[in-house]
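Below are the chains, spelled out letter by letter.
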Amino acid sequence: MAAARVELTLLGQTLTVRTEAPADYMRSLATYVEERVRSLHASGVRDPVAALTLAAVDIVDELFRAREDHARVEHELESRLGALVDILDGVTGRDR
């Protein structure tokens, strides 16, 4: 898929980005960021730049936690699969 230009509106400003992602997907990301900014605004953060910055840090925290969870689950699966292979090797009499 070729990169296309997509217009996004964040905090009343229009930004144009080049992306290979679908336009609707990119707009949903912008909507998500705006929702986070609105939530921070409702909690008392009045400066839009501060709210946007805090929203970005919060979203990156979510990303990092999701990556850690993914790595943990992947490691657990590899361990369990290794244990199953060992059991099957033991039952079939095969050595690695």
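About the cut-offs
- Going along each chain's sequence as written, the residues are numbered from 1 onward.
- Only residues with pLDDT of 70 or above have their local features reported here, since the model is predicted, and side-chain atom pairs are shown and tallied only from 80 upward, although totals for entire chains, interfaces and linings are computed over all residues.
- With hydrogens and water excluded, all non-hydrogen atoms of the structure serve as input to the side-chain values.
- Salt bridge criterion: a side-chain nitrogen from Lys or Arg within 4 Å of a carboxyl oxygen from Asp or Glu.
- Numbering of helices and strands runs from the N terminus; a helix is a DSSP stretch of H or I covering at least four residues, while a strand is a stretch of E covering at least two.
- Accessibility here uses a 1.4 Å probe with only protein chains present; expressed as a share of the type maximum, an area under 20% marks a residue as buried, one over 50% as exposed, and anything in between as partly exposed.
- By nonpolar core is meant a set of buried Ala, Val, Leu, Ile, Met, Phe, Trp, Tyr and Cys residues that side-chain atoms within 4.5 Å join together.
- The contact criterion used throughout is that any non-hydrogen atoms of two residues lie within 4.5 Å.
- What a helix should span is 1.5 Å times the count of its residues minus one.
- To be clear, the arc concerns the directions from the helix axis to the C-beta atoms.

Q: Explain the pattern of salt bridges to me, and be specific about the residues and the numbers.
A: Throughout the structure, instances matching the rule amount to six salt bridges. A salt bridge links D24 to R27, with the shortest nitrogen-to-oxygen separation between them at 3.5 Å. With D24 and R27 both in helix α1 (residues 23-42) and three residues apart, the pair spans about one turn of that helix. By relative accessible area, D24 is classed as exposed at 61%. In this structure, R72 engages E76 in a salt bridge whose closest nitrogen and oxygen atoms are separated by 3.4 Å. Placement of both R72 and E76 in helix α2 (residues 48-92) is noted, with a separation of four residues, approximately one turn of the helix. Linked by salt bridges that have partners in common, R36, D58 and E62 make up one network.

Q: Any chance you could break down the nonpolar core for me, citing the residues and the numbers?
A: Within the largest apolar cluster, ten residues are counted, these being V6, L8, L10, M26, A30, V33, V37, V45, A51 and A55. At the level of elements, β1 (4-10), α1 and α2 are the ones that each hand at least two residues to this core. Here the element with the most residues in this core is α1; it accounts for four residues. Leave out the neighbours within four places in its chain, and L8 touches Q13, T14, L15, V17, M26, R27 and A30.

Q: With reference to specific residues and values, describe α1.
A: The end-to-end C-alpha distance of α1 is 28 Å, a good match for the 28 Å that 20 residues give at a rise of 1.5 Å each. Those residues of α1 not exposed but buried are M26, A30, V33, R36 and V37. Buried residues of α1 fall within an arc of 115° about the axis and therefore sit on the same side. Seen from the open side of α1, the exposed residues pointing more than 90 degrees away from its buried face are D24 and A42. Of the surrounding elements, those touching the buried residues of α1 are β1, β2 (13-19) and α2. Trailing α1 by a residue or two, G44 shows a phi angle of about 120°, which is positive.

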